[in-house]
Amino acid sequence: MSDEEASARALTVMKASFNERGQAKLDRLDQDETQRLCSIPPSVKLPKEVTDRIEKLNLELVKYPTDGRMLGDWREGEKIAQRGVGMQFSDNPKNPAGGNCYACHQMTKEEISFGTIGPSLYNFGKLRGNSEAIQRYTWGKVWNAQAYSACSNMPRFGHKGILTEKQIKDVVALLLDPSSPVNK
Ligand code: HEC
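What comes next concerns the included structure. (Residues numbered from 1 in each chain as written. Predicted model: local features only at pLDDT ≥ 70, side-chain atom pairs only at ≥ 80, totals over all residues. Heavy atoms only, no water.)

### What to know about the packing of aromatic side chains
- Considering all chains together, one arrives at two aromatic pairs under this definition.
- With 4.8 Å between their ring centres and 75° between their planes, Tyr-137 and Tyr-148 make a pair best called edge-to-face. In this pair, Tyr-137 sits in helix α6 (residues 132-143) while Tyr-148 sits in the loop between α6 and α7 (165-176), placing the two residues eleven residues apart along the sequence.
- Accessibility expressed as a relative area gives 26% for Tyr-137, which makes it partly exposed.
- Accessibility expressed as a relative area gives 31% for Tyr-148, which makes it partly exposed.
- Seen from their ring centres, Trp-139 and Trp-143 are 6.1 Å apart, and the 20° between their planes marks the pair as stacked. Linking Trp-139 with Trp-143, this pair stays in helix α6, spanning four residues, or about one helical turn.
- A cation sits over an aromatic face here: Arg-136 above Tyr-64, 3.9 Å from the ring centre. (Phe/Tyr/Trp six-rings, centres within 6.5 Å; stacked < 30°, edge-to-face > 60°. Helix = DSSP H or I, 4+ residues; strand = E, 2+ residues; numbered from the N terminus. Buried < 20%, exposed > 50% of the residue type's maximum accessible area, 1.4 Å probe, protein only. Lys NZ or Arg CZ within 6 Å of the ring centre and 35° of its normal.)

### With respect to the coordination of the iron atom of the ligand
- With distances of 2.0 to 2.2 Å, the protein atoms coordinating the iron atom of the ligand are His-105 (NE2) and Met-154 (SD).
- For the iron atom of the ligand, the six donor atoms in the first shell make angles of 83 to 179° at the metal, a pattern classed as octahedral. With His-105 in the loop between α4 (74-82) and α5 (124-128) and Met-154 in the loop between α6 and α7, this pair connects stretches of sequence that are 49 residues apart. (Donors = N, O, S within 2.8 Å, 3.2 Å for Na, K, Ca; no water. Tetrahedral: all angles 85-135°; square planar, octahedral: opposite > 155°, others 65-115°.)

### Re helix α3 (residues 48-60)
- Across its 13 residues, α3 extends 18 Å between first and last C-alpha, which sits within 8% of the 18 Å expected from 1.5 Å per residue.
- On its buried face, α3 sits against α2 (33-38). (Expected span 1.5 Å × (residues − 1). Contact = heavy atoms within 4.5 Å.)

### What to know about the packing of α4 against α7
- Between α4 and α7, whose axes approach to 7 Å, the crossing angle comes to 100°. In terms of orientation, α4 lies roughly perpendicular with respect to α7. Along the contact surface, α4 presents Trp-74, Glu-76, Gly-77, Glu-78, Ile-80 and Ala-81, while α7 presents Lys-166, Gln-167, Asp-170, Val-171, Ala-173 and Leu-174.
- Its residues assigned to classes, the contact of α4 with α7 comprises six nonpolar, two polar and four charged. (Axes fitted to C-alpha atoms, helices over the stretch in contact; angles between N-to-C directions. Parallel < 35°, antiparallel > 145°, perpendicular 65-115°, else oblique. Nonpolar A, V, L, I, M, F, W, Y, C, P; charged D, E, K, R; others polar.)

### Looking at a nonpolar patch on the surface
- A surface patch of nonpolar side chains, amounting to about 240 Å² of accessible area, comprises Leu-11, Met-14 and Phe-18.
- By the secondary structure assignment, Phe-18 is in the loop between α1 (3-17) and α2.
- With a relative accessible area of 43%, Phe-18 lands in the partly exposed category. (Patch = residues over 30% accessible without salt bridge, like charges linked within 9 Å, V, L, I, M, F, W, Y side chains within 5 Å. Areas by Shrake-Rupley, 256 points an atom, 1.4 Å probe, with all protein chains shown as cover. Salt bridge = Lys/Arg side-chain N within 4 Å of Asp/Glu carboxyl O.)

### Thoughts on α4
- Within the span of α4, buried status applies to Trp-74, Gly-77, Glu-78, Ile-80 and Ala-81. Projected onto a plane normal to the axis of α4, the buried residues spread over an arc of 165° and lie on a single side.
- Close packing links the buried residues of α4 with α7.
- The opening residue of α4, the one whose side-chain oxygen lies 2.8 Å from the backbone nitrogen of Arg-75, is Asp-73. (Arc of directions from axis to C-beta. Polar contact = N/O pair within 3.5 Å; in protein donor to acceptor, adjacent residues only side chain to side chain.)

### Comments concerning the environment of Asn-144
- Considering the arrangement of structural elements, one finds Asn-144 in the loop between α6 and α7.
- With 89 residues separating them in the primary sequence, Asn-144 and Glu-55 have C-alpha atoms 9.5 Å apart.

The analysis is restricted to geometry; functional conclusions fall outside its scope.
Here it is in structure tokens:
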């Protein structure tokens, strides 16, 4: 059986065995081009042309804030980074989702419970500054992580509508505002 046939059969089995519940619909099994390319078994190393294409197409999908202001309120950003709710069948889609950043990143010295799948973001703004270029990078990274690192394990928060524009401003402020606990 070819890989394509095996994938098609696996998808049929999954579609037949999952039930839609609440906001969790079966369309979550439909992969876009990025997800399809990134689901090729890890034993097959994607050529550089392909990873470059993934990053380019995802960078084109980043939407920058309409008013041009990328820094919101870091206090709200900290709450969003701590919140792990949203997107599950049992969550009300009308309530704002969290970013759950601490599940993968260290961010502040105060929070000692954090995951390590992602790099530590402690002192992120102190180390990089908050120039226009860094603000655009940080915004783009949170909006669509694949724009800067193909097949990243980080959720595409803006692109997938997990966080709103306002919430992303707050999270970017948490990372870049000099008075944020990330930079103390
Ligand atoms: C499921 C795990 C996961 C979650 C949740 C997650 N990230 Fe990440 N993040 C990663 C990984 C893995 C990387 C490194 C690979 C990459 O760059 O995509 C990363 C990289 C980053 C980077 C780039 C770091 C650098 O050195 O340039 C930033 C900024 C970032 N994450 C911010 C966030 C923020 C803010 C949140 C919450 C809104 C978040 N992440 C949630 C996994 C995660």
